[in-house]
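These are the residues of each chain, in order.
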Amino acid sequence: MKTIMVIGSGQMGGGIAQVAAQAGYSVILNDIKEEFVNRGLSIIEKNLRRNVEKGKLNGPDMEIILGRITKSVSLQDAALADLVIEAAVENMKVKAQIFSQLDVICPEHTILSTNTSSLPITEIAASTKRPEKVIGMHFMNPVPVMKLVEIIRGLATSDEVYKTIEELSLEMGKIPVEVNDAPGFISNRVLIPMINEAIYTLYEGIATVEAIDNVMKLGMNHPMGPLALADLIGLDTVLSICEVLHEGLGDKYRPCPLLRKYVKAGWYGKKSGRGFYNYNS
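Since we're looking at a predicted model, the values are computed, not measured.

A. View of the pairing of strand 2 (residues 26–30). The element strand 2 is extensively covered by neighbouring structure, given that four of its five residues are classed as buried. As defined by bridge partners, strand 1 (residues 3–7) adjoins strand 2 across five bridges and the pair is classed as parallel. Each bridged residue has a counterpart across the sheet, and for T3 the counterpart in strand 2 is S26. You can see the chain leave strand 1, run along helix 1 (residues 11–22) and come back into strand 2, and the turn it takes is right-handed. One ladder, built from four bridges, connects strand 2 with strand 3 (residues 69–72); its direction is parallel. Within strand 3, the residue paired with I28 across the bridge is T70.

Structure follows, in structure tokens:
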């Protein structure tokens, strides 16, 4: 495996592209608009430059890493990839369409993986004629910092493909954990109900945003509170995962009405400038 294409240059896709390039792979960073790709590359450069300032990386190595990343605004470039990691919006229709196109474009040997945080790998794989080569790679945010990768097998994922992705994850400096295909996998099946319950405590007027987050930080030793974490993930993404869990696992995962209200208002969290906290100032 030499070339990895990452589809989506946002927070997750850009982070995945960075760690792949740092691991020595040629990376094709793809998005629907060149301005999105340029924005993703600028964040990667900013991250690497910060590492240079901290003495974790030297300047020449930073340039080598950046030189491994090429820009793309066409899915046809996937014809050059040995592995595709899709990090597009958390929407089954969008992902199925992307995988259907990739199945036609990519060489027979290419592995197709998705960074989905909750959607079923088996259903995504069903949009291709190579379900044995489809697998989930759920990275944690922020990707360059967090060590975990959930590797999710679909119903037909081959042992060979699993082993390849496990080894790749280790080369990227990650710790892979094997997970079976179920709504929310492990991470979000446990995390999202906590975030949703925190939103309910705000919705019911039990405490302020700051108080809720302080209880979890100071009382439970969490590095950040659940509402701040929701803002970092993106409230639209939190809602999407909630809905997948609700549909797949029942009523106890029903999204809080306040979460729906914020998403309808365009308050997505840090990326939009407003969520449970105001980032515009």
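B. Quick peek at the side chain of S9. Relative to the elements of secondary structure, S9 occurs in the loop between strand 1 and helix 1. Of note is the side chain of S9, whose polar atom sits 2.7 Å from the side chain of D31.

C. Spotlight on helix 8 (residues 209–220). Under the 1.5 Å per step criterion, the end-to-end length of helix 8 is 16 Å for 12 residues, consistent within 8% with the ideal 16 Å. Among the residues of helix 8, V209, I212, D213 and M216 are the ones counted as buried. Along the axis of helix 8, the buried positions cluster into a sector of 95°, meaning they face one direction only. Exposed residues lying more than 90 degrees from the buried face of helix 8 are L218 and G219. For helix 8, the secondary structure elements touched by its buried residues are helix 7 (187–203) and helix 9 (226–233). Residue N221 follows helix 8 closely and has a positive phi angle near 65°.

D. Structural context of the domain arrangement of the chain. Structurally, the chain comprises domain 1 (3–180) and domain 2 (188–270). Inter-centroid distance (C-alpha atoms) of domain 1 to domain 2 is 26 Å. Tallying the contact residues gives seven residues for domain 1 and five residues for domain 2. Interface of domain 1 and domain 2: buried area, both sides summed, is about 540 Å²; carbon and sulfur atoms make up 54% of it.

E. Summary view of a nonpolar patch on the surface. Taken together, the side chains of I175, V177, I186 and V190 define a hydrophobic patch exposed on the protein surface, amounting to about 350 Å² of accessible area. If you trace the backbone, I175 turns up in strand 8 (residues 175–179).

F. Inspection of the sheet that holds strand 2 at higher detail. An order of 3-2-1-4-5-6-7-8 is seen for the eight strands of this open sheet, with the pairing classed as mixed. Looking at strand neighbours, the two that pair on one side only are strand 3 and strand 8, the edges of this open sheet. If you compare each strand with its neighbour and ignore which way they point, the axes differ by 25° on average. Summarising the sheet, strand 1 and strand 4 (residues 83–86) pair through four bridges and their orientation is parallel. What sits directly across from V6, in strand 4, is I85. Running over the sheet, helix 4 (residues 92–105) touches strand 1, strand 4, strand 5 (111–114) and strand 6 (134–139) and is turned about 170° from strand 5.

G. Molecular detail of the pattern of salt bridges. Applying the stated criterion across every chain, the model contains 12 salt bridges. Across the pair R39 and E35 runs a salt bridge whose closest N-O atoms are separated by 4.0 Å. Taken together, the positions of R39 and E35, both in helix 2 (residues 34–53) and four residues apart, correspond to about one turn of that helix. Measuring nitrogen to oxygen at the nearest pair gives 2.7 Å for the salt bridge that ties E243 to R260.

H. Structural view of the UniProt feature "domain: 3-hydroxyacyl-CoA dehydrogenase NAD binding" (unreviewed entry) in the chain. Feature annotation in UniProt places "domain: 3-hydroxyacyl-CoA dehydrogenase NAD binding" (unreviewed entry) on residues 4–181, given in this structure's numbering. Across residues 4–181, the secondary structure splits into 41% helix and 21% strand, with the terminal C-alpha atoms separated by 24 Å.

I. A look at the nonpolar core. Residues I4, F139 and I165 are the most contacted members of the largest nonpolar core, which totals 35 residues. Counting residues per element, this core draws most heavily on helix 1, which supplies six residues. Residues within four places of I4 in sequence aside, it is in contact with A20, Y25, S26, V27, I28, L83, I85, L168 and M172.

Analysis parameters
- Residues numbered from 1 in each chain as written.
- Predicted model: local features only at pLDDT ≥ 70, side-chain atom pairs only at ≥ 80, totals over all residues.
- Heavy atoms only, no water.
- Buried < 20%, exposed > 50% of the residue type's maximum accessible area, 1.4 Å probe, protein only.
- Helix = DSSP H or I, 4+ residues; strand = E, 2+ residues; numbered from the N terminus.
- Pairing = 2+ DSSP bridges.
- Right-handed = clockwise from strand over helix to strand, strands pointing away.
- Polar contact = N/O pair within 3.5 Å; in protein donor to acceptor, adjacent residues only side chain to side chain.
- Expected span 1.5 Å × (residues − 1).
- Arc of directions from axis to C-beta.
- Contact = heavy atoms within 4.5 Å.
- Domains from an automatic or database assignment.
- Buried area = accessible area lost by both parts, 1.4 Å probe.
- Patch = residues over 30% accessible without salt bridge, like charges linked within 9 Å, V, L, I, M, F, W, Y side chains within 5 Å.
- Areas by Shrake-Rupley, 256 points an atom, 1.4 Å probe, with all protein chains shown as cover.
- Salt bridge = Lys/Arg side-chain N within 4 Å of Asp/Glu carboxyl O.
- Axes fitted to C-alpha atoms, helices over the stretch in contact; angles between N-to-C directions.
- UniProt positions renumbered as here; feature names shortened; annotations may be inferred.
- Core = buried A, V, L, I, M, F, W, Y, C linked by side-chain atoms within 4.5 Å.

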